[in-house]
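Chain residues, written in single-letter form:
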Amino acid sequence: MSVTAVAADQSVCAPLPVLGRDVTVPLVTGGEVTYAALDYAASAPALQRVWDDVAAYAPYYGSVHRGAGYLSQLSTDLFENSRAAVAEFLDCREVDQVVFTRSTTDSLNLLAAALPAGCQVFVFETEHHASLLPWGNARVTYLDAPRTPGEAVTTLERALADRDPYGPALVCVTGASNVTGELWPVRELAAAAHAHGARIVLDAAQLAPHHPVSVRDLDVDWVAFSGHKLYAPFGSGVLAGRADWLREAEPYLAGGGASRKVARRADGGVDVEWHTTAARHEAGSPNVIGVYAIASACKALAEAGFDDLVARERYLVAKVREGLAGVPEVKVLSLFGDEAPRVGVISFVVRGWNSSHFAAALSAEYGIGVRDGLFCAHPLVRTLLGGDPQDVGECGAPDGGTTSLNAIRVSFGAGTPDEHVDRFVRAVKELVRDGARWKYRTEDGRCVPDRG
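Each value, and the rule that gives it
Residues numbered from 1 in each chain as written. Predicted model: local features only at pLDDT ≥ 70, side-chain atom pairs only at ≥ 80, totals over all residues. Heavy atoms only, no water. Helix = DSSP H or I, 4+ residues; strand = E, 2+ residues; numbered from the N terminus. Rg over C-alpha atoms; globule rule 2.2 N^0.38 Å. Buried < 20%, exposed > 50% of the residue type's maximum accessible area, 1.4 Å probe, protein only. Contact = heavy atoms within 4.5 Å. Areas by Shrake-Rupley, 256 points an atom, 1.4 Å probe, with all protein chains shown as cover. Lys, Arg positive; Asp, Glu negative; His and termini not counted. Charge placed at Lys NZ, Arg CZ, Asp CG, Glu CD. Pairing = 2+ DSSP bridges. Axes fitted to C-alpha atoms, helices over the stretch in contact; angles between N-to-C directions. Salt bridge = Lys/Arg side-chain N within 4 Å of Asp/Glu carboxyl O. Arc of directions from axis to C-beta.

Further remarks concern the overall build of the chain. Helix and strand counts for the chain come out as 14 helices and 19 strands. Computed over C-alpha atoms, the radius of gyration of the chain comes to 23 Å, within 12% of the 22 Å expected from 2.2 N^0.38 for 452 residues, which places it in the range of a compact globule. With the C-alpha coordinates of the chain rotated into their principal frame, the extents come out at 80 × 55 × 50 Å. Residues counted as buried form 55% of the 452 residues belonging to the chain. When contacts within the chain are restricted to residue pairs at least 6 apart in sequence, those whose partners lie at least 24 apart make up 71%. Of the accessible surface of the chain, which amounts to about 19,100 Å², a share of 51% is contributed by carbon and sulfur atoms. The centroid of the 41 positive side-chain charges in the chain is displaced by 2 Å from the centroid of its 55 negative side-chain charges.

What follows is the structure, encoded as structure tokens:
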């Protein structure tokens, strides 16, 4: 759908206020410009609302679950109310647990540590490394990249039907690709998993900031996401879903908070009774501010209305795709094709350019921040670029060539103004037409302006 059609079809809302929207950065060619943060897929800027909520709470900071003092009691209430807010945001079932972690990666490693004996894991090669790599103690089946959503479902059904022995199984799948932005058929994959006696965990790191995520509606067993991609600036994440595997597993970390009762035995050892609630996997003093930031972001996005946010993002996606389509040298990467629905994440390569060189020029000459490389999804990017599985992806601008296996990723969201997207499209066209205005070199593996 074209930009004009999207604008005519949708009521496009204004961007949400975020931190850093007025930050200026120097240009290597002289002068300054307002920074265009177009790397939301790595870390989204914090919502102003989130920052204000955290600042208002900060003077009342106290340790949770352990103190009798007023600030500790207030912080404990805030912490547990944040858990309830996240559960509401995800539309969790009444029996689900919400466990606070450090990130999506931490959440999936926690689930990996809780797998029952003999569990088989099924994961597509298209996953982010956070979803691809934590399952080392299980028997893992890596599935080839599908080229349609329907092929993803049939590939999974075939693999689950053929598993031997038939026992506990877990499917791990992304909700939206961190490389192509394409939405995956999560509901259909969940149905396929359950039909074959398997469970499913949804990596919602790139989905939750852009679309509503309902555990009930999607019928997933667990969902994981990170606060720093959800407009919350602190190091917290979430694993939410079924309690049984988590309750039966050894605590992810052993220590205070996870233990309900500890006693010395007559033989000199120690007996421990662990909590069966989410606290079982939240040992130590938790990141209360980070947790509160996630809850604040969840509330802010819900109050803004996902219908309006999705409409605005569709408008920005159409702007970018239409702009890039007008540059023959640009190839946009895709698994499912041009018509596939997607969030504000688009990766591409430019004929005749090393991607790191191109990204460096966008930053140094236009004040635009994007990402280059393999995006912690090496097998997927190699597949999309037609590379050999053993090809080494590189950053930098190698002397005498443009053949490094890497790509450029532009990503945006609820806080992105039109001007940033317009500047990006204009910069791509100018760089392809006129070339970079500055010389660049590789330093410590990165492409940087050569300042002589």
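Bridge analysis of strand E18 (residues 440–443) against strand E19 (residues 446–449) gives four bridges, and the strand direction is antiparallel. Within the sheet, the bridge partner assigned to arginine 441 lies in E19 and is valine 448. Where E18 folds back onto E19 in an antiparallel hairpin, the turn is made up of two residues, including aspartate 444, whose phi is positive at roughly 50°.

What follows is about the sheet that holds strand E6 (residues 139–143). Ordered in space as E4-E10-E9-E8-E7-E5-E6, the seven strands form an open sheet in which the pairing is mixed. Two strands in the sheet have a free side with no partner beyond their single neighbour: strand E4 (97–101) and E6. If you compare each strand with its neighbour and ignore which way they point, the axes differ by 20° on average. Note that strand E5 (residues 120–124) and E6 share five bridges and pair parallel. Residue phenylalanine 124 lies in a different strand from E6, and its bridge partner there is leucine 143.

Here the focus is the pattern of salt bridges. Enumeration over the complete set of coordinates arrives at 26 salt bridges. The shortest N-O distance in the salt bridge between glutamate 94 and arginine 216 comes to 3.3 Å. Here glutamate 94 is found in the loop between helix H3 (70–89) and E4, whereas its partner arginine 216 is found in helix H8 (residues 215–218), with 122 residues between them in sequence. Each of the salt bridges in this network shares a partner with another, and the network as a whole consists of Arg199, Asp221, Arg242 and Asp244.

By the burial criterion, the buried members of helix H2 (residues 48–57) are Val50, Asp53, Val54 and Tyr57. Each buried residue of H2 sits inside an arc of 95° when the element is viewed along its axis, so together they form one side. Looking at the buried side of H2, the elements it contacts are H3 and helix H10 (288–304).

A few words now on the sheet that holds strand E13 (residues 330–332). Strand order in this open sheet of four strands is E13-E14-E17-E16, and the pairing throughout is antiparallel. Taken across any chain shown, the strands that pair with only one partner, and hence form the sheet edges, are E13 and strand E16 (371–373). Averaged over all pairs of adjacent strands, the angle between strand axes in this sheet comes to 30°, irrespective of strand direction. Direction of pairing for strand E14 (residues 345–350) relative to strand E17 (residues 407–411): antiparallel, over a ladder of four bridges. Among the inter-strand pairings, phenylalanine 348 is bridged to a residue of E17, identified as isoleucine 408.

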